[in-house]
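Residue strings, one per chain:
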Amino acid sequence: MTDHLLSLMTFFPILGMVALLFLPKENGNLIKGFTLVVTIIVFFISLPLAFNDVFKTSAGMHYTEFVPWISVGEFFTMNYSVGVDGISLWLILLTTFIMPIAILSTWHAVDKNVKGFMALALLLETAMLGAFISLDLFLFYIFWELMLIPMYFMIGIWGGKNRIYAAVKFFIFTAVGSLLMLVAVIYVYYYAIQSGIDMSGFSITQFYQVAIPAEIQTWLFLAFAFSFAIKVPMFPVHTWLPDAHTEAPTAGSVILAAILLKMGTYGFLRFAMPLFPDATHQFIPFLALLSVIGIIYGALVAMMQDDIKKLVAYSSVSHLGFVMLGVFALNLQGLSGGMIQMINHGITTGALFLIVGFLYERRHTREIAQFGGLAKRMPIFATIFLIMTFSSIGLPGTNGFVGEFLILMGAFESQLRWFAVFATTGVILAAVYMLWMYQRVMFGELKNPANEKLKDLSGREIALMAPLLLFVFWIGLYPNPFFEKMTPALEQLLQQVNGTEIVAMVEPAQIQLPELK
């Protein structure tokens, strides 16, 4: 079974989607329950990855599968080539972990065309997992494009009043970036063939060995980076995200924030940076500048929002700016912080969107001014909301602190020292907009009569939040199990990009203070 574990994990949701066709569309609870079971099974299929210690010692690809797929003449070959290493490991597990939670959140939120929504959710899970395991660039592109379709319809059919505008904007932004990446992929493939390299398909391990001149790398890197920057999203190509988040149903927002946005950050790590190392170093200052602008801009705009969901959406722009700053630090501290912050963002921001969904189901509004004093009526909700707020602002003891601290330390120890200094303002601003929002929603007098009869969280809703709370404190207090399995792969990535041996994290005894004169 381990020989085909990745394929079983990736395509099992498709089997579930086919089985949905035979369930009566009138029985929404049966369809939701069946979909929930399918996503839980996928999660358990993926669990052996988490317990395999091979990732602690080996930076290579594991659980690999290779099947010749398409061959047209002598010069075009595409293979089904998949595998997992320490970079993709936790993103795969985040995907299989979040999906059951997202499905469970639909119990009272999705009541029209339930079968269609669940079928799209299962198709989306296959596409996301396929993108994370692909070792063939063309195969990756197919899964990358496949992700657009389910999310487009989720927003466009089950979204809010401006859902069509948000769905079309999401599709256009992402599709334009994808086409540029496709052109770059084809160029690299034919350049490799003309260079005399015997290419067996679009294998990324073979692409890594192609020596591309620096001036050509510049244009190819820009094509890849533009596509991935849209997906992250980085400033200034972020404008599709607040609309998509605001209009998407709760489950769609959770999946979008927790998993889909990580496709962009993962794309930089897996493809853009190791394929074009010279261009990466050339554009580091510019990309770091965009990251810091995103951190500060996202925080300032979030502070001005009167809609809770829009506030959380803009906070994603800020938090993912931190992730990209860590990635562009090009040292082990920054990369480790960026990787763990990807996971943290998926857990914390996914939880915040669930919390907004709980409020919307009860009051059918997300306006901050409509609330106030809810802590008196909903003490369990208030406690969980506060913990997730602390996690979002990076309070020590929570997962957010671990990621942001390593990112800032990595950036400060690299050529991005001044960028790190300005990025710290994002931490302060995050505390301002999150705590101010929490204060207005949860504290004060209960003045609005519509809030007097609000019920606290149900058993289902507590069950939704419990595993997310577990990881907030697990990563916050003991993150080593996560770092141990990503470190070898990150060290190998740094060798590919920097072309040098890795400088380990500085021990306190190695720090030399200047002599006082």
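What counts, and where the lines are drawn
Residues numbered from 1 in each chain as written. Predicted model: local features only at pLDDT ≥ 70, side-chain atom pairs only at ≥ 80, totals over all residues. Heavy atoms only, no water. Helix = DSSP H or I, 4+ residues; strand = E, 2+ residues; numbered from the N terminus. Rg over C-alpha atoms; globule rule 2.2 N^0.38 Å. Buried < 20%, exposed > 50% of the residue type's maximum accessible area, 1.4 Å probe, protein only. Contact = heavy atoms within 4.5 Å. Areas by Shrake-Rupley, 256 points an atom, 1.4 Å probe, with all protein chains shown as cover. Lys, Arg positive; Asp, Glu negative; His and termini not counted. Charge placed at Lys NZ, Arg CZ, Asp CG, Glu CD. Salt bridge = Lys/Arg side-chain N within 4 Å of Asp/Glu carboxyl O. Phe/Tyr/Trp six-rings, centres within 6.5 Å; stacked < 30°, edge-to-face > 60°. Lys NZ or Arg CZ within 6 Å of the ring centre and 35° of its normal. Expected span 1.5 Å × (residues − 1). Core = buried A, V, L, I, M, F, W, Y, C linked by side-chain atoms within 4.5 Å. Patch = residues over 30% accessible without salt bridge, like charges linked within 9 Å, V, L, I, M, F, W, Y side chains within 5 Å. Axes fitted to C-alpha atoms, helices over the stretch in contact; angles between N-to-C directions. Parallel < 35°, antiparallel > 145°, perpendicular 65-115°, else oblique. Left-handed = near helix turned anticlockwise from the far one by under 90°. Nonpolar A, V, L, I, M, F, W, Y, C, P; charged D, E, K, R; others polar.

1. Things to note about the overall build of the protein
Right, so step 1: On a plain count of helices and strands, the protein comes out with 22 helices and two strands.
Right, so step 2: Since a compact globule built from 517 residues should have a radius of gyration of about 24 Å, the 23 Å found for the protein is in line with a globular shape.
Right, so step 3: For the protein, the spread of C-alpha atoms along the three principal axes comes to 80 × 75 × 40 Å.
Right, so step 4: Going through the 517 residues of the protein one by one, you find that 60% of them count as buried.
Right, so step 5: If you take every contact in the protein between residues at least 6 apart in sequence, the share linking residues at least 24 apart comes to 81%.
Right, so step 6: With the model as given, the accessible surface of the protein reaches about 20,100 Å², and the carbon-plus-sulfur share is 66%.
Right, so step 7: Of the side-chain charges in the protein, 26 are positive and 30 negative, and the distance between the mean point of each set is 15 Å.

2. A closer look at the pattern of salt bridges
Any two side chains of opposite charge can pair if their charged atoms end up close together.
Right, so step 1: Within this structure, the stated rule accounts for seven salt bridges.
Right, so step 2: Here R460 ties to E461 by a salt bridge, and the two come within 3.9 Å at their closest N and O atoms. Both residues of the pair, R460 and E461, count as buried.
Right, so step 3: One salt-bridge network, held together by shared partners, links D53, K56 and E484.

3. Side note on unusual backbone geometry
Right, so step 1: The residue after V232, namely P233, is reached through a cis peptide bond having omega -10°.
Right, so step 2: Relative to the helices and strands, P233 is located in the loop between helix 10 (214–231) and helix 11 (240–247).
Right, so step 3: Located in the positive-phi region is N113, a residue other than glycine, with phi close to 45°.
Right, so step 4: Considering the arrangement of structural elements, one finds N113 in the loop between helix 4 (86–104) and helix 5 (114–133).
Right, so step 5: Phi angles above zero are rare outside glycine, and H364 is one such case at about 55°.
Right, so step 6: Mapped onto the elements, H364 comes out in the loop between helix 16 (332–363) and helix 17 (374–377).

4. Some points on the packing of aromatic side chains
Right, so step 1: Enumeration over the complete set of coordinates arrives at 36 aromatic pairs.
Right, so step 2: An aromatic cluster of three or more residues is present, and its members are F132, F140, W144, F224, F228, Y266, F268, F271, F276 and F328.
Right, so step 3: Over the ring of W144 we find K231; its NZ or CZ atom is 5.1 Å from the centre of that ring.
Right, so step 4: Just above the ring of W436 sits the side chain of R440; from NZ or CZ to the centre is 3.7 Å.

5. Topic: helix 18 (residues 379–393)
Helical geometry: 3.6 residues make up each α-helical turn, so side chains three or four residues apart lie on a common side.
Right, so step 1: With 15 residues, helix 18 extends 21 Å from end C-alpha to end C-alpha; this agrees with the ideal 21 Å at 1.5 Å per step.
Right, so step 2: Along helix 18, the residues that are buried comprise F381, A382, I384, F385, M388, T389, S391, S392 and I393.
Right, so step 3: Those residues of helix 18 hidden inside the fold are in contact with helix 15 (308–328), helix 16, helix 17, helix 19 (399–412), helix 20 (417–442) and helix 21 (459–477).
Right, so step 4: Phi turns positive, to about 80°, at G394, one or two residues after helix 18.

6. Brief notes about the nonpolar core
Right, so step 1: Within the largest apolar cluster, 196 residues are counted, with the highest numbers of intra-cluster contacts made by L137, F224, F268, V441 and L468.
Right, so step 2: The element contributing the most residues to this core is helix 16, with 15 residues.
Right, so step 3: With sequence-adjacent residues up to four places away left out, F268 is seen in contact with F221, A225, F228, A229, V232, M234, M273, P274, M324 and F328.

7. A few points about a nonpolar patch on the surface
Right, so step 1: The grouping of I164, V168, I172, V176, L180 and F226 at the surface amounts to a nonpolar patch, some 490 Å² of accessible area in total.
Right, so step 2: Relative to the elements of secondary structure, F226 occurs in helix 10.
Right, so step 3: With a relative accessible area of 34%, F226 lands in the partly exposed category.

8. Re the packing of helix 12 (residues 250–260) against helix 16
Right, so step 1: The contact between helix 12 and helix 16 brings their axes to 8 Å, and the two run at 165°. By the angle class used here, helix 12 and helix 16 are roughly antiparallel. The handedness of the crossing between helix 12 and helix 16 is right-handed. Along the contact surface, helix 12 presents T250, S253, V254, A257 and A258, while helix 16 presents H345, G346, T349, G350, F353, L354 and G357.
Right, so step 2: Residues that form the contact of helix 12 with helix 16 fall into these classes: five nonpolar, seven polar and no charged.

9. Concerning the environment of F358
Right, so step 1: In this structure, F358 sits in helix 16.
Right, so step 2: F358 gets classed as buried once you look at its relative accessible area, which sits at 3%.
Right, so step 3: It is 8.9 Å that separates the C-alpha atoms of F358 and S105, two residues lying 253 residues apart in sequence.
Right, so step 4: Ignoring sequence-local partners within four residues, the contact set of F358 consists of F381, L457, E461, L464 and M465.

10. Concerning helix 19
Right, so step 1: Helix length check: helix 19, at 14 residues, gives a terminal C-alpha distance of 20 Å against a target of 20 Å (1.5 Å per residue), a fit within 8%.
Right, so step 2: Helix 19 sits mainly inside the fold: ten of its 14 residues count as buried.
Right, so step 3: Within the sequence span of helix 19, burial applies to N399, G400, V402, G403, E404, L406, I407, L408, G410 and A411.
Right, so step 4: Against the buried residues of helix 19 lie helix 15, helix 16, helix 18, helix 20, helix 21 and helix 22 (480–498).

Note that all results are geometric; they support no functional claim without further evidence.
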